[in-house]
Amino acid sequence: MHHRFPVIAWMVATVSPPDMGSLNCANEHFVAGERQLPTYVEAIAQCAEEERGMTHPKTGEYELQRSCYDASPPGVHGEWRYGRISLDVIERRSGDAYTFETLWMCKPL
């Protein structure tokens, strides 16, 4: 099974979701090398899709510990807002805990 989220580390975070009014994104995407980073809304949707596959009761390799959440408050990089969406799971076979993360960037309207 291939996952788009790299394993970062086990962590526990309690962060309020960003003010969605401030994350109304322009159509422009931030490009880093050959990778185009998702907007906040795209990153949440990507995380939810990955979560469904990874934690599927019959085919998934993980048990859900914590559903998709904001790992940190949004930051600012020039004109761009950015943040991290995380997903906490436990591997069914080993019992090891993992956090998968993705970075989002958005140029607010």
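Because the structure is predicted, anything quoted here is derived from the model rather than measured.

### Re the pattern of salt bridges
In the structure shown here, the tally under the stated rule is 4 salt bridges. The shortest N-O distance in the salt bridge between Lys107 and Glu79 comes to 3.7 Å. Here Glu79 lies in the loop between β4 (75-77) and β5 (80-91) and Lys107 lies in the segment after β6 (97-106), a separation of 28 residues in the sequence. Where salt bridges share partners, they join Glu28, Glu79 and Lys107 into one cluster.

### Digging into the nonpolar core
Of all hydrophobic cores here, the largest spans 11 residues; its members are Tyr40, Ala43, Cys47, Met54, Tyr62, Ile85, Leu87, Val89, Phe100, Trp104 and Cys106. Elements with a contribution of two residues or more to this core: α1 (40-54), β5 and β6. Broken down by element, the residue count for this core peaks at 4 residues, all from α1.

### Observations regarding the packing of aromatic side chains
For the structure on display, the rule yields 5 aromatic pairs. Between Phe30 and Trp80, the aromatic rings sit 5.3 Å apart at their centres with planes inclined by 85 degrees, giving edge-to-face as the arrangement. Here Phe30 is found in the segment before β1 (31-32), whereas its partner Trp80 is found in strand β5, with 50 residues between them in sequence. Classification of Phe30 by relative accessible area gives partly exposed; the value is 21%. What makes Trp80 buried here is its relative accessible area of 10%. By the ring-pair criterion, three or more aromatic residues cluster together here, those being Tyr62, Tyr98 and Phe100. Its end group placed over the ring of Tyr69, Arg66 keeps NZ or CZ at 3.7 Å from the ring centre.

### Examining the state of the cysteines
Per the counting criterion, the structure on display carries 2 disulfides. Across the disulfide from Cys25 sits Cys106; the S-S distance is 1.9 Å. Looking down the S-S bond of the Cys25 and Cys106 bridge, the torsion is -120 degrees, so its handedness is left-handed. Taken as a pair, Cys25 in the segment before β1 and Cys106 in strand β6 lie far apart in primary sequence, 81 residues in all. Cys106 gets classed as buried once you look at its relative accessible area, which sits at 0%. Linked covalently through their sulfurs, Cys47 and Cys68 form a disulfide whose S-S length is 2.1 Å.

Calculation criteria
- Residues numbered from 1 in each chain as written.
- Predicted model: local features only at pLDDT ≥ 70, side-chain atom pairs only at ≥ 80, totals over all residues.
- Heavy atoms only, no water.
- Salt bridge = Lys/Arg side-chain N within 4 Å of Asp/Glu carboxyl O.
- Helix = DSSP H or I, 4+ residues; strand = E, 2+ residues; numbered from the N terminus.
- Core = buried A, V, L, I, M, F, W, Y, C linked by side-chain atoms within 4.5 Å.
- Buried < 20%, exposed > 50% of the residue type's maximum accessible area, 1.4 Å probe, protein only.
- Phe/Tyr/Trp six-rings, centres within 6.5 Å; stacked < 30°, edge-to-face > 60°.
- Lys NZ or Arg CZ within 6 Å of the ring centre and 35° of its normal.
- Disulfide = S-S within 2.5 Å.

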